[in-house]
2 protein chains.
Amino acid sequence: MSLKMSIPPPHGGKLVDRVVRDADKARSLIAGCTSYDIQPTHDKDMPIRNVYREIMSTCYGFLSPVEGSMGRNELERVLKERRLESGWVFPFPMLFDVSEEDKSRLKVKGGDRLLLKLKGQPFATLDINEVYSIDPKDVATRTFGTPETVPGVVKHAFDPKHPGYNIYLHLNPVVFAGKYTIINEPTFRAPFDRFWLPPAKSREEFARRKWRTVIAHQTRNVPHLGHEMLMKNAAYMGDTEPANGILVNAIVGAKRIGDYPDEAILEAHEAVHTANYVKPDRHVVSFVLWDMRYGNPLESLLHGIVRQNLGCTHHMWGRDHAAVGDYYDSYATQTLWTKGIPGFGFDAPPCEVDKGLVLRPQNMGEFWYCPKCGEIAYNANCGHMDVVQRFSGSFIRSLLAEGLAPPPVIMRPEVYRVVVKWWRELGYPFNNKHYLSAREQELEVTVPRMEAAPAIAAGGHR
Amino acid sequence: MSLKMSIPPPHGGKLVDRVVRDADKARSLIAGCTSYDIQPTHDKDMPIRNVYREIMSTCYGFLSPVEGSMGRNELERVLKERRLESGWVFPFPMLFDVSEEDKSRLKVKGGDRLLLKLKGQPFATLDINEVYSIDPKDVATRTFGTPETVPGVVKHAFDPKHPGYNIYLHLNPVVFAGKYTIINEPTFRAPFDRFWLPPAKSREEFARRKWRTVIAHQTRNVPHLGHEMLMKNAAYMGDTEPANGILVNAIVGAKRIGDYPDEAILEAHEAVHTANYVKPDRHVVSFVLWDMRYGNPLESLLHGIVRQNLGCTHHMWGRDHAAVGDYYDSYATQTLWTKGIPGFGFDAPPCEVDKGLVLRPQNMGEFWYCPKCGEIAYNANCGHMDVVQRFSGSFIRSLLAEGLAPPPVIMRPEVYRVVVKWWRELGYPFNNKHYLSAREQELEVTVPRMEAAPAIAAGGHR
């Protein structure tokens, strides 16, 4: 048996591609449809989710084999077993939710096609096959689990302070289930356009580079040296040699105040290879549109699915993966990928179960700066606990906020320059309310003007 | 299928243990045997081999499943296919060779037991089952291969300047084939005693440490930071997480002038963990007795067998593994472990063939110091070719010879102190003729006095 790996098949076996690129066909598909304007979901006056990102990620295959908004049975199965009706592993409910008012006003039912408009233009369709009601609080609670249902992993009950829980809590009570189809491809604005590499393109790029093994690095941060070292060192995992390639895949979507702007995150990671800390031929930076659920082990499962669909063979997992607060145990993600979490339906890791992932985990410890080692050292190696200095995101942010360049042993100067560039551009170094609100208006995309609007139009409010 | 690995079985399925620990049994085994004094093989006046090391490594199971000196058929199969008669992969002829004079004088034949004495004491027996003649030059040539038989890998014909070729060229023309048995266990002198961890003990130690994955690091050097980083970074290969342990396994035996003394090599590697650059609980230093054949891909196969027998799951391979000169292509070892070398009987890597190894390769590139990265950087990452500084063993040796401490970015101060310690002890920093000759007299062991010498005694000369 050869030890050599190759780029894995997509999750579910086949990449979902639900994008109609023929304008005539698109026009015929939407002729006569009722339309609905996609708007962001808000909590008080802060945007927390925009379903357009889920539609994009679904139709371009990031979430394969998911093809749309889930029906009631599938929702139940996901909540109970983290599996789709087809049996394939999937962590989160994916729902197109509308208010009771919109339901009454739209008067659509199973068998109808709904036209979804974005920024005033036709964008996608939803072929409704089921309309049903949910209890958002119940969905939210069961999505993330409780200390009773997932003992040892969920440390205390979720509440609206958790931004992911809050997303589900803000679901509208009516779900339109059915497949999405993009009928008018949005165009990414700069700098997102440079990093738009959906699964089919990503796989083409890996093939062009002749990569057999690619390890994914999840990011929602401007990289400090601890991130860079995690990335470079985790990448010594491969098959018979270190990974051929590293994919940095950023989560782009609704974020929190105080996070770095997505534009800076993408360009800062790009600076790591343009400045040759990792050679450009070994390093690709791209993104997925997703409003983070901060679901730690569940989020890692989603990230795993996305990155396998992008063509990765491995995924590095650290402590507190995609976590906020201490709702989950710090090592919940590594527990999932080494032993499984029965409370979430996994008696074995998701890469070792039927209809699970092929992607392999690289579970990593911690990196710190050690003046004695003279390097960014790994916790399994360095025993100089009296002198080591841990990376602190808040310390780096406080330096930046004071206009101070972090020392090069903390942040590469080329990375810092990207932060400053976007600070100048936006007027602030970190996301504030203004950025987040403006961002949800502008989005990452423009939607081309599409002639021949459908006959029946009706507004939508979320 | 679980991705988690465990300590592999020994090569051939079972650890060879041919050590008689019961003195009465030992005495009865050697009663009445003809005896033969083991002496080192010399080239001119330099020792190049001592068959006692092969007997030790065989009887303690390092070379499992090899149990003794090979018969004619097995020798042929090893030279043709690199397989033992049992079919298990093995790279080198292992022969107990004597002169025509000794053959005539000893008058032993198949079925006889020969007592082998070391430093004047009974040490081991050889149960002869075949006596045959060889052409040493033919064995030497076929052992290493020629540009015709192993095209693309052997770059030019071997000659007596190659120390491994020279070992085979100096074989005596008569072979006594049969199994070895140690009947009087030698005792290692300091500091070797501290690092003596033969396969059964090594496996016990790994089990005590609860290691599932262990990556082997081959050494015949005092470690500079390039070695340390190779060791630490290759060890991010494991199964679902970095390797639990790193085994540094030094080759102890006949060496070349200018090499570091074995005592310094062992203690210098130990300093890496006593000084906490790798935590002691992740790092074991041990050795195998072996007169290096410098056989690059073939040597890597032997090292692989030894390290799998010691309990390792992975082995790191660099460029020019165990090589001298440019007889072999620089990447010959990595070629063997990624594709196989048909001229040596491997159409696939030795870890992917029937009766091959279980040990997995981690084929590594190069490390250098990069002032721009501010670290010992890996060639697949660092693109600052205009400023990088490569490690040079001869540069470090020249600093040491001048009494200069290498900068800490080249060699750890604790490692340098070990070099100085042995320099003071021996009177020279590197092996010279005096060291090598004295070493072969003294050996790494003392052999306990054993009463009741056998009835018939006859001298041996090599």
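Predicted, not measured: the structure shown is a model, and the values here were computed from it.

The rules behind each value
Counting restarts for each chain: residues are numbered from 1 in the order of the written sequence. Starting at A for chains and at 1 for ligands, labels are handed out in the order in which the entities are written. With the structure being a predicted model, the display of local features is reserved for residues of pLDDT at least 70 and the display and counting of side-chain atom pairs for 80 or more, all residues being used for whole-chain, interface and lining totals. By definition, residue pairs are in contact when their C-beta atoms, positioned from the backbone, come within 7 Å. Only DSSP runs of H or I with at least four residues qualify as helices, and only runs of E with at least two residues qualify as strands; both kinds are numbered from the N terminus onward. Three residue categories are used. Nonpolar comprises Ala, Val, Leu, Ile, Met, Phe, Trp, Tyr, Cys and Pro, charged comprises Asp, Glu, Lys and Arg, and polar comprises the others, including Gly. Exposure criterion: with C-beta atoms placed from backbone coordinates, a residue whose C-beta has 20 or more other C-beta atoms within 10 Å is buried, one with 12 or fewer is exposed, and one in between is partly exposed. The copies are overlaid by a least-squares fit using only the C-alpha atoms of residues whose pLDDT is at least 70 in both copies. A strand pair is defined by DSSP finding two or more bridges across the two strands. Here, axes are lines fitted to C-alpha atoms. For helices the fit covers the stretch in contact, and angles between N-to-C directions go from 0 to 180 degrees. Orientation is classified from the angle alone, with under 35 degrees giving roughly parallel, over 145 giving roughly antiparallel, 65 to 115 giving roughly perpendicular, and any other angle giving oblique. In this scheme the handedness of a crossing depends on how the near helix is turned from the far one: anticlockwise by less than a right angle means left-handed, clockwise means right-handed. Each nonpolar core comprises buried Ala, Val, Leu, Ile, Met, Phe, Trp, Tyr and Cys residues, the members being joined through C-beta atoms within 7 Å. The arc in question is traced by the directions running from the helix axis to the C-beta atoms. Reported domain spans reflect what an automatic or database domain assignment gives.

1. Regarding the interface of chain A and chain B
The interface is formed by 34 residues belonging to chain A together with 34 residues belonging to chain B. At four residues, strand β14 (residues 360-363) of chain A tops the list of elements feeding residues into the side of chain A that touches chain B. Grouping the amino acids of the side of chain A that touches chain B by side-chain chemistry returns 16 nonpolar, 11 polar and seven charged.

2. What to know about unusual backbone geometry
Cis geometry is adopted by the peptide bond preceding Pro65(A), which originates at Ser64(A) and carries an omega value of 5°. Position of Pro65(A) among the secondary structure elements: in the loop between α2 (51-59) and β4 (68-69). For Lys210(B), which is not glycine, the phi torsion reads 60° and is therefore positive. Exposure remark for Lys210(B): the 8 C-beta atoms within 10 Å place this residue in the exposed category.

3. Details of the relation of the copies chain A and chain B
Taken as rigid bodies, chain A and chain B are interconverted by a rotation of 180° and an axial shift of 0.0 Å, the fit giving an RMSD of 0.0 Å. Classification of the inter-copy transformation places it as that of a two-fold axis. Rotation axis and chain A: the residue whose C-alpha lies nearest the axis is Met237(A), separated from it by 2.3 Å. Looking at chain A, 100% of its interface residues are interface residues in chain B too, so the copies touch through the same face.

4. Here's the deal with the sheet that holds strand β17 (residues 389-390) of chain B
Residues and elements named next belong to chain B. Read from one edge of the open sheet, three strands run β16-β15-β17, paired in antiparallel fashion. Unpaired on one side and paired on the other, β16 (375-378) and β17 mark the two borders of the sheet. Examined bridge by bridge, strand β15 (residues 367-370) and β16 share four bridges and lie antiparallel to one another. Residue pairing in the sheet places Cys-370 in a bridge with Glu-375 of β16. Sheet strands in contact with helix α8 (residues 225-234) are β15 and β16, and its direction is about 60° off that of β16.

5. A word on the packing of helix α9 (residues 262-274) of chain A against helix α13 (residues 413-426) of chain A
Residue and element names in this part refer to chain A. Their axes nearest at 8 Å, the elements α9 and α13 cross at an angle of 155°. In this view, α9 runs roughly antiparallel relative to α13, as classed from their interaxial angle. As α9 packs across α13, the resulting crossing turns out to be right-handed. Facing Glu-263, Ala-264, Glu-267, Ala-268, Ala-271 and Val-272 of α9, the residues of α13 in contact are Glu-414, Val-415, Val-418, Val-419 and Trp-422. Across the contact of α9 with α13, the residue classes tally to eight nonpolar, no polar and three charged.

6. A few points about the environment of Leu79(B)
Residue and element names in this part refer to chain B. Structurally, the position occupied by Leu-79 is in helix α3 (residues 72-81). The spacing of Leu-79 and Lys-109 is 30 residues in sequence and 25 Å in space, taken between C-alpha atoms. When residues no more than four places from it in sequence are discounted, the contact partners of Leu-79 are Pro-93, Arg-142 and Thr-143.

7. Thoughts on the environment of Tyr327(A)
Residues and elements named next belong to chain A. Its place among the elements puts Tyr-327 in the loop between β13 (314-317) and α11 (332-338). Residues Tyr-327 and Ala-275, spaced 52 residues apart in sequence, show a C-alpha to C-alpha distance of 38 Å. Once residues within four sequence positions are removed from consideration, Tyr-327 is found in contact with Val-154, Lys-155, His-156, Phe-158 and His-162.

8. Brief notes about the environment of Val418(A)
Residue and element names in this part refer to chain A. Tracing the sequence through the fold places Val-418 in helix α13. Each C-alpha atom of the pair Val-418 and Glu-263 lies 9.3 Å from the other, and the pair is 155 residues apart in sequence. When neighbours within four sequence positions are excluded, Val-418 is seen to be in contact with Ala-264, Glu-267, Ala-268 and Ala-271.

9. Considering the pairing of strand β6 (residues 113-118) of chain A
All names here are of chain A. The buried fraction of β6 amounts to five of the six residues, a majority that puts the element mostly inside the structure. Judged from the six bridges that link them, β6 and strand β7 (residues 121-133) form a sheet pairing that is antiparallel. Note that in β7 the partner of Leu-114 across the bridge is Leu-126. Taking the residues between adjacent antiparallel strands as the criterion, β6 and β7 are bridged by two residues, where Lys-119 takes a positive phi near 50°.

10. Notes on the nonpolar core
Ile215(A) and Ile215(B) are the most contacted members of the largest nonpolar core, which totals 282 residues. Dropping the residues within four chain positions of it, Ile215(B) is found in contact with Ala234(B), Ala235(B), Met237(B), Ala243(B), Ile246(B), Cys312(B), His314(B), His315(B), Met316(B) and Gln362(B).

11. Focus on helix α5 (residues 136-144) of chain B
Every α-helical turn comprises 3.6 residues, leaving residues that sit three or four positions apart pointing alike. Residues and elements named next belong to chain B. Buried within α5 are the following residues: Val-139, Ala-140, Thr-143 and Phe-144. Projected down its long axis, α5 shows its buried positions confined to an angular sector of 110°, all on one face. Within α5, the exposed residues directed more than 90 degrees away from the buried face are Lys-137 and Asp-138. The inward-facing, buried residues of α5 abut α3 and α6 (163-169).

12. So, the sheet that holds strand β10 (residues 214-219) of chain A
In sheet architecture, strand pairing relies on hydrogen bonds along the backbone and comes in two forms, parallel and antiparallel. Residue and element names in this part refer to chain A. With parallel pairing, the five strands of this open sheet are ordered in space as β12-β11-β10-β13-β14. Taken across any chain shown, the strands that pair with only one partner, and hence form the sheet edges, are β12 (283-289) and β14. Neighbour to neighbour, the strand axes of the sheet diverge by 30° on average, direction disregarded. In terms of strand pairing, β10 meets strand β11 (residues 245-252) through six bridges, oriented parallel. The residue of β11 that forms the bridge with Ile-215 is Ile-246.

13. Section: the domain arrangement of chain A
All names here are of chain A. What the domain assignment lists for chain A is domain 1 (23-187) and domain 2 (192-439). Of note, the centres of domain 1 and domain 2, computed from C-alpha atoms alone, are 26 Å apart. Each side of the interface is counted separately: domain 1 has 38 residues, and domain 2 has 40 residues. Secondary structure elements with two or more residues in the side of domain 1 that touches domain 2: β3 (46-49), α2, α3 (72-81) and α6 (163-169). Among the elements that line the side of domain 1 that touches domain 2, the one with the most residues is β3, at four residues.

14. A look at the pairing of strand β8 (residues 174-182) of chain A
Residue and element names in this part refer to chain A. For β8, the tally of buried residues reaches eight of nine residues, placing the bulk of the element in the interior. Here β4 pairs with β8 via two bridges, running antiparallel. Residue pairing in the sheet places Gly-68 in a bridge with Lys-179 of β8. Here strand β5 (residues 96-98) runs beside β8; their pairing, made up of three bridges, is antiparallel. Residue Val-98 lies in a different strand from β8, and its bridge partner there is Val-174. As judged from the nine bridges shared by β7 and β8, these two strands associate in the antiparallel manner. Residue pairing across strands places Glu-130 opposite Ala-177, the latter belonging to β8.

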